Amino acid sequence: MSYISYNFIALVAAGLILYALLPKALRKYVLLLMSAVYIFMAQGALSIGFLIAGTAVSFGGSLFISQSEKAHIRSAVFILVIAFHLAVLFYFKYNNFIGYTELAVSELTGGSFEFEPVERVAPLGISFYTMMLIAYTADVYMRKYKAESSFTKFSLFAGYFGHIVQGPIDSYDETAESITSGHDIRFENIVNGSLRIAYGLFKKLVISERLAVIVN
């Protein structure tokens, strides 16, 4: 589901109303629900499954790293968590990398290497949330901060619909509290947010897509 669609506008509008009606303590669940609905409508349950799996691995691994005092065990768990994320990312996004490399070398050297790419549909936003989970695990490993103990809060950080498709790759210490604390809804914030969205749409639909015609 594109950010520029009536379905997305409806999702945000419904979520905003529910967010305003519920107390602050429950508002993070609204955002988590909106994120799950967005991912499901965009690509189905499989993407949600992979996101939950990756989130659980970093959540559990980082808790273990944060609580362990044995350096070699911490390092081993850290390596396993990173290896898991990179393996999944490589499988979906870079599974043809070796083949393309061998093909390029073959063409440069006059060889006759044949390569048939393998097509796989990558889970929604896997590049963005994988990088965020790896960065979070690395920060915990280097003792930048303690591991998060709330799986709900951590899941919202990893799968928040506002950044899962187009980024940015957020750091946990700079964004987690902001999206889970339950802010008051103020009229001036809605106005300012709407103006920023309108400005972004103008840059994309009026400027970028018109320039794309020339570039293409």
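Preceding block: the structure.
Residues numbered from 1 in each chain as written. Predicted model: local features only at pLDDT ≥ 70, side-chain atom pairs only at ≥ 80, totals over all residues. Heavy atoms only, no water.

*Asks:* Before we move on, could you go through the packing of helix H3 (residues 45–67) against helix H7 (residues 151–159) and cite the residues and values that matter?
*Replies:* Where H3 meets H7, the closest approach of the two axes is 10 Å, and the angle between their N-to-C directions is 125 degrees. With respect to H7, the element H3 is oriented oblique. For the crossing formed where H3 meets H7, the hand is right-handed. Contacts between H3 and H7 involve Leu-51, Thr-55, Ala-56, Ser-58 and Phe-59 from the first element and Phe-151, Phe-154, Ser-155, Ala-158 and Gly-159 from the second. Looking at the contact of H3 with H7 residue by residue, the class counts come to six nonpolar, four polar and no charged. (Axes fitted to C-alpha atoms, helices over the stretch in contact; angles between N-to-C directions. Helix = DSSP H or I, 4+ residues; strand = E, 2+ residues; numbered from the N terminus. Parallel < 35°, antiparallel > 145°, perpendicular 65-115°, else oblique. Left-handed = near helix turned anticlockwise from the far one by under 90°. Contact = heavy atoms within 4.5 Å. Nonpolar A, V, L, I, M, F, W, Y, C, P; charged D, E, K, R; others polar.)

*Asks:* Can you tell me about the side chain of His-163, naming the residues and giving the values?
*Replies:* Relative to the elements of secondary structure, His-163 occurs in the loop between H7 and helix H8 (172–180). By relative accessible area, His-163 is classed as buried at 3%. The residues touching His-163, leaving out its near neighbours within four places in the chain, are Tyr-3, Phe-128, Met-132, Phe-157, Ala-158, Pro-168 and Asp-170. (Buried < 20%, exposed > 50% of the residue type's maximum accessible area, 1.4 Å probe, protein only.)

*Asks:* Just give me the short version of unusual backbone geometry, but keep the residues and values in it.
*Replies:* If you check the backbone angles, Arg-143 has positive phi at about 65 degrees while not being a glycine. Checked against the element boundaries, Arg-143 lands in the loop between helix H6 (126–141) and H7.

*Asks:* I'd like a rundown of the packing of aromatic side chains, residues and numbers included.
*Replies:* Taken as a whole and assessed by the stated rule, the structure comprises 16 aromatic pairs. Taken together, a centroid distance of 5.8 Å and an interplanar angle of 75 degrees make the contact between Phe-8 and Tyr-38 edge-to-face. With Phe-8 in helix H1 (residues 6–21) and Tyr-38 in helix H2 (residues 24–43), this residue pair connects regions lying 30 residues apart in the sequence. The same class applies to Phe-8 and to Tyr-38, which are both buried. Arranged with centres 5.0 Å apart and planes meeting at 85 degrees, the rings of Phe-50 and Phe-92 form a pair that is edge-to-face. Note that Phe-50 is positioned in helix H3 and Phe-92 in helix H4 (residues 71–93), a separation of 42 residues in sequence. The exposure class of Phe-50 is partly exposed, given its relative accessible area of 27%. (Phe/Tyr/Trp six-rings, centres within 6.5 Å; stacked < 30°, edge-to-face > 60°.)

*Asks:* Lay out the packing of H7 against H8 with the relevant residues and their values.
*Replies:* Between H7 and H8, whose axes approach to 9 Å, the crossing angle comes to 110 degrees. The orientation of H7 with respect to H8, classified from their angle, is roughly perpendicular. On the side of H7, the interface is formed by Lys-153, Phe-154, Leu-156 and Phe-157, while H8 contributes Tyr-172, Thr-175, Ala-176, Glu-177, Ile-179 and Thr-180. When the residues that make up the contact of H7 with H8 are grouped by side-chain class, the tally is six nonpolar, two polar and two charged.

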